[in-house]
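Listed below are the residues making up each chain.
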Amino acid sequence: MSFVELFRESVIIQGFIVLVMLTTVSVMLIMGISVPDQIWALVGLVVGYYFGSDRAATLRRLRSAS
């Protein structure tokens with residue numbers, strides 16, 4: 001897959017957002033800052049959406065290849 005196709009499917013943007021969220025929470029934990037429940041919920045939502053949409057994109061590709 002080319003960069004343009006990945007960008008069109010927003011895989012790169014989604015991946016970047018997931019990395020930013022996970023990095024933010026990791027830094028907060030390393031620094032000893034308490035991570036609010038709302039942030040944990042948001043991280044769970046973003047990560048779940050990322051893996052869910054990745055699965056949907058894979059299924060679309062497999063269907064179109066068949």
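Residues numbered from 1 in each chain as written. Predicted model: local features only at pLDDT ≥ 70, side-chain atom pairs only at ≥ 80, totals over all residues. Heavy atoms only, no water.

What follows covers the overall build of the protein chain. Assigned secondary structure in the protein chain consists of three helices and zero strands. Listed by position from the N terminus, the elements making up the protein chain come as α-α-α. In the protein chain, which comprises 66 residues, the proportion classed as buried is 17%. Contacts in the protein chain between residues far apart in sequence, at least 24 positions, make up 47% of those at least 6 positions apart. When the accessible area of the protein chain is evaluated, it comes to approximately 5100 Å², of which 70% is carbon and sulfur surface. (Helix = DSSP H or I, 4+ residues; strand = E, 2+ residues; numbered from the N terminus. Buried < 20%, exposed > 50% of the residue type's maximum accessible area, 1.4 Å probe, protein only. Contact = heavy atoms within 4.5 Å. Areas by Shrake-Rupley, 256 points an atom, 1.4 Å probe, with all protein chains shown as cover.)

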